[in-house]
Amino acid sequence: MYIITEYQTAQDGTVATIVTQKESRNEADSVYHTILASAAISALPVHAASIVTNEGQYIDSAFYRHGDQQIDD
């Protein structure tokens, strides 16, 4: 099982999280990259995503910080 978390940081610094779970790695990757595609053009100051297994094993994470126009991982 894979857990995908989306992090949305608002202008005032508050962070919202959206959690999705998928059975397969391919499904998880699809959700993860869809989030990042939206994050690339987001109006939020910081928009991020991560994937872990249900056992807590780190798979991947990345974020966009708008103003810098860069992606970090």
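In this text the structure is predicted, and so the values were computed from the model without any measurement.

Reading the values: the criteria
Residues numbered from 1 in each chain as written. Predicted model: local features only at pLDDT ≥ 70, side-chain atom pairs only at ≥ 80, totals over all residues. Heavy atoms only, no water. Helix = DSSP H or I, 4+ residues; strand = E, 2+ residues; numbered from the N terminus. Buried < 20%, exposed > 50% of the residue type's maximum accessible area, 1.4 Å probe, protein only. Lys, Arg positive; Asp, Glu negative; His and termini not counted. Salt bridge = Lys/Arg side-chain N within 4 Å of Asp/Glu carboxyl O. Polar contact = N/O pair within 3.5 Å; in protein donor to acceptor, adjacent residues only side chain to side chain. Contact = heavy atoms within 4.5 Å. Expected span 1.5 Å × (residues − 1). Arc of directions from axis to C-beta. pLDDT = per-residue confidence, 0-100.

Participant: For this particular structure, what's the right way to read the side chain of Glu6?
Facilitator: Along the polypeptide, Glu6 turns up in strand β1 (residues 2-9). Although buried, Glu6 forms no salt bridge, and the nearest oppositely charged side chain, Lys22, lies 12 Å from it. Side chain to side chain, Glu6 and His47 meet in a polar contact 2.6 Å long. If sequence neighbours within four positions are ignored, Glu6 has contacts with Ala16, Thr17, Ile18, Ile35, His47, Ala48 and Ala49.

Participant: Even after reading the chapter, I still don't get helix α1 (residues 25-40), so can you show me in this structure?
Facilitator: Along an α-helix, residues three or four apart share an orientation, since each turn contains 3.6 residues. Its 16 residues place the ends of α1 22 Å apart at the C-alpha level, agreeing with the 22 Å of an ideal helix rising 1.5 Å per residue. Burial in α1 covers these residues: Ala28, Val31, Tyr32, Ile35, Leu36 and Ala39. Buried residues of α1, seen end-on, are gathered within an arc of 130° and therefore sit on one face of the element. Along its buried surface, α1 packs onto β1, β2 (15-22), β3 (46-53) and β4 (58-65).

Participant: What am I meant to see in the environment of Tyr58 here?
Facilitator: Tracing the chain through its elements places Tyr58 in strand β4. Sequence separation of Tyr58 and Met1 is 57 residues, and the distance between their C-alpha atoms is 12 Å. Residues contacting Tyr58, with those up to four places away along its chain left out, are Ile51 and Val52. Of the polar contacts made by the side chain of Tyr58, one reaches the backbone nitrogen of Ser61; its length is 3.2 Å.

Participant: How should I be thinking about the environment of Tyr7 in this particular structure?
Facilitator: By secondary structure assignment, the location of Tyr7 is in strand β1. Taking the C-alpha atoms as reference points, Tyr7 and Asn26, 19 residues apart in sequence, are found 21 Å from one another. Excluding anything up to four places from it in sequence, Tyr7 contacts Val15, Ala16, Thr17, Val46, His47, Ala48, Ala49 and Ser50. A polar side-chain atom of Tyr7 sits 3.0 Å from a polar atom in the side chain of Ser50.

Participant: Explanation requested: the confidence of the model for the chain in the structure shown.
Facilitator: When pLDDT drops low, the exact placement of atoms in the prediction is not to be read closely. Looking at the chain as a whole, its pLDDT mean stands at 92, while 92% of the residues score no less than 70. Averaged pLDDT values over the elements of the chain bottom out at 47 in strand β5 (residues 70-72) and peak at 98 in β2. The low-confidence segment residues 69-73 (pLDDT under 50) makes twelve contacts with residues lying over four places distant or belonging to another chain.

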